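Residue-level listing of the chains:
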Amino acid sequence: MERALSSAGISILFQDATLALSYAENLPPHLAERYFAGGRDGDLFGQVHGDYLGVLKSNVLETGSATNAEIDLDVEGEIRTYELKVQRVNGDGFLGILSVISEVTEMRHREKVLKSLLRELSHRSKNLLAIIQGIATQTARNTLSLDSFLVKFRGRLQSLSNSQDLITDSSWRGAYLFDLAEKQFAPYWPETAGSMPIFGINAHLTPNAAVHLGLALHELIVNSASYGAIAGGASSITLNCKEVKLNGRKAIEVAWVEVLPNRTDIHEFSENSFGRSVLERVVPSSMNGKAELKLLPGRIEYYLQIPETEFEILKRA
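Throughout what follows, the structure given in this document is the object of discussion. (Residues numbered from 1 in each chain as written. Predicted model: local features only at pLDDT ≥ 70, side-chain atom pairs only at ≥ 80, totals over all residues. Heavy atoms only, no water.)

## A look at the overall build of the protein
Part 1 of the reasoning: Of regular secondary structure, the protein possesses 9 helices and 13 strands.
Part 2 of the reasoning: For 317 residues, the compact-globule estimate of 2.2 N^0.38 gives 20 Å, and the protein exceeds it by more than 25% at 32 Å.
Part 3 of the reasoning: Taken along the three principal axes of its C-alpha coordinates, the protein extends 105 × 45 × 40 Å.
Part 4 of the reasoning: Across the protein, contacts joining residues at least 24 apart in sequence account for 56% of those joining residues at least 6 apart.
Part 5 of the reasoning: Accessible area for the protein stands at about 17,300 Å²; split by element, carbon and sulfur atoms hold 51% of it.
Part 6 of the reasoning: One way to put it: in the protein the 32 positive side-chain charges average out to a point 6 Å from where the 38 negative ones average out. (Helix = DSSP H or I, 4+ residues; strand = E, 2+ residues; numbered from the N terminus. Rg over C-alpha atoms; globule rule 2.2 N^0.38 Å. Contact = heavy atoms within 4.5 Å. Areas by Shrake-Rupley, 256 points an atom, 1.4 Å probe, with all protein chains shown as cover. Lys, Arg positive; Asp, Glu negative; His and termini not counted. Charge placed at Lys NZ, Arg CZ, Asp CG, Glu CD.)

Pasting the structure below:
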């Protein structure tokens, strides 16, 4: 019996009808050193827990109804949680209380982590739904036909999905910039153009930054594939990330530079274009950053500054 209890990490505690401690087996060391025959729950678990258990066990003695209780004990600065299964024992001339004690610290910790993850999932799901609602509304405002709306809306949803895949794979810690860019560029990058032109610091972005930067990169690459360098048969695009200062604090700047086939052409974005709104307003405001879209002769340049609260530099080239 003792070997089985020991292997299971379970302790047993008997108390008589006055709730005096009468027998214990397999107590953990920090409880065993406090135990003595005739002692009380307060001697073993501390006075606060002792008072609580005294009332609970008196009720079990009176009613005969078994019950459970949990207590948290400070053991050398570490909080450990114990579950007590309490029942009345009445037989062979003995009336008292049997408590089966097991440590459930790890189990409770896992439950707290799971609850935290579920709350985080709920929060992120609501944010994602709000983003999708905004995309749907703004895309509808800037398209003239259902077919055009569906093409643009599906593309933007796929962009969100691509970013979300990376975030989920990292247990919601975020995504690396290079991975994010490759995910967004892959459907549109010409197979004959070689490797994707991504340079500089491969910063690790927060989930919020990854989702919104993913939207910005999607708008840039789709615009290029539809009207810009890629559409004109060129792949003269670079994406570069470097460290900068934003309002006197550490930041990174993600720079898109696209050279158009016609070096005198000035690319036109509609003033009401959702793509332009994403690049100049939605994305920078979502991360308290700063953005600038430059439409120059033969060039499209986009600069996004991201504050240090939205990224980490975990590895350098």
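Now that the structure has been shown, the text picks up again.
## So, the packing of helix 5 (residues 105-141) against helix 6 (residues 146-169)
Part 1 of the reasoning: Between helix 5 and helix 6, the shortest axis-to-axis distance is 10 Å and the interhelical angle comes to 155°. Between helix 5 and helix 6, the interaxial angle falls into the category roughly antiparallel. Considering only the axes of helix 5 and helix 6, their crossing is right-handed. From helix 5, Leu128, Ile131, Ile132, Ile135, Ala136, Thr139 and Ala140 reach across to helix 6, where they touch Phe149, Lys152, Phe153, Arg156, Leu157, Leu160 and Gln164. (Axes fitted to C-alpha atoms, helices over the stretch in contact; angles between N-to-C directions. Parallel < 35°, antiparallel > 145°, perpendicular 65-115°, else oblique. Left-handed = near helix turned anticlockwise from the far one by under 90°.)

## Looking at the packing of aromatic side chains
Part 1 of the reasoning: Enumeration over the complete set of coordinates arrives at 4 aromatic pairs.
Part 2 of the reasoning: Look at Phe14 and Tyr23: their rings are 6.0 Å apart centre to centre, the planes differ by 40°, and that puts the pair in the tilted class.
Part 3 of the reasoning: The class of Phe14 is partly exposed, set by a relative accessible area of 23%.
Part 4 of the reasoning: By way of ring pairs, the aromatic residues Phe14, Tyr23 and Phe94 are connected into one cluster. (Phe/Tyr/Trp six-rings, centres within 6.5 Å; stacked < 30°, edge-to-face > 60°. Buried < 20%, exposed > 50% of the residue type's maximum accessible area, 1.4 Å probe, protein only.)

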